[in-house]
Amino acid sequence: MIGVMVQLAGEPAPLRHFFAVGIEERAKAEWRAVDRALLIGRVAESPVGGLEPVHAVSELTPKSVKALALKPGEVRALGWRWPRKWITLEVEGPG
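Residues numbered from 1 in each chain as written. Predicted model: local features only at pLDDT ≥ 70, side-chain atom pairs only at ≥ 80, totals over all residues. Heavy atoms only, no water.

What follows covers the environment of Gly79. You can see Gly79 is positioned in strand S5 (residues 75-79). Looking at Gly79, the relative accessible area reads 16%, which means it is buried. Linking Gly79 and Gly3, residues 76 residues apart in sequence, is a C-alpha distance of 9.9 Å. Not counting chain neighbours up to four residues away, the residues in contact with Gly79 comprise Arg16, His17 and Phe18. (Helix = DSSP H or I, 4+ residues; strand = E, 2+ residues; numbered from the N terminus. Buried < 20%, exposed > 50% of the residue type's maximum accessible area, 1.4 Å probe, protein only. Contact = heavy atoms within 4.5 Å.)

Printed below as a string of structure tokens:
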């Protein structure tokens, strides 16, 4: 999961937008998230509130990817709110 700081028109500061990216290579996943974020607004050029403009929030496990039907190479916008559903699957017990 990748977080990208995006500046929207009329907002005083960039907001973090979350993306689930079905690519294992971190750098490639970050760039794909940035490409998708550019459709929403301008990506921040420097850190905002201690957060880098583009950063990996967590690696998605195969269990999460399967449960939430994320296809290989897919970039899914998850919105501005903390993506609890995606993170919750990461911390559940074995199964």
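Core analysis: the largest hydrophobic core is formed by 12 residues, namely Ile2, Val4, Val6, Phe19, Val21, Ile23, Ala29, Ala33, Val34, Ala37, Val43 and Val75. Listed by contribution, the elements that provide at least two residues to this core are strand S1 (2-7), strand S2 (15-21) and helix H1 (26-37). Ranked by residues supplied to this core, first place goes to H1 with 4 residues. What Ala29 contacts, discounting residues up to four positions off in sequence, is Ile2, Val21 and Ile23. Counting residues in each nonpolar core, the second largest holds 5 residues, with Met1, Phe18, Leu60 and Leu70 among its members. (Core = buried A, V, L, I, M, F, W, Y, C linked by side-chain atoms within 4.5 Å.)

The next subject is the pairing of S2. Buried residues dominate S2, accounting for 5 of its 7 residues. For S1 and S2, the ladder comprises 5 bridges, and the chain directions are antiparallel. When the bridges of S2 are listed, Val6 appears paired with Leu15. In the sheet, S2 pairs with S5 via 4 bridges, with the strands oriented antiparallel. The residue bridging Phe18 from the neighbouring strand is Gly79, located in S5. (Pairing = 2+ DSSP bridges.)

Now for the pattern of salt bridges. A complete count under the given rule lists 2 salt bridges for this structure. For the salt bridge of Glu30 with Arg26, the shortest nitrogen-to-oxygen distance reads 3.1 Å. Placement of the pair is Glu30 and Arg26 together in helix H1, with a separation of 4 residues, close to one helical turn. The partner of Glu74 in a salt bridge is Arg76, and the shortest N-O contact between them spans 3.2 Å. You can call Glu74 partly exposed: its relative accessible area is 22%. (Salt bridge = Lys/Arg side-chain N within 4 Å of Asp/Glu carboxyl O.)

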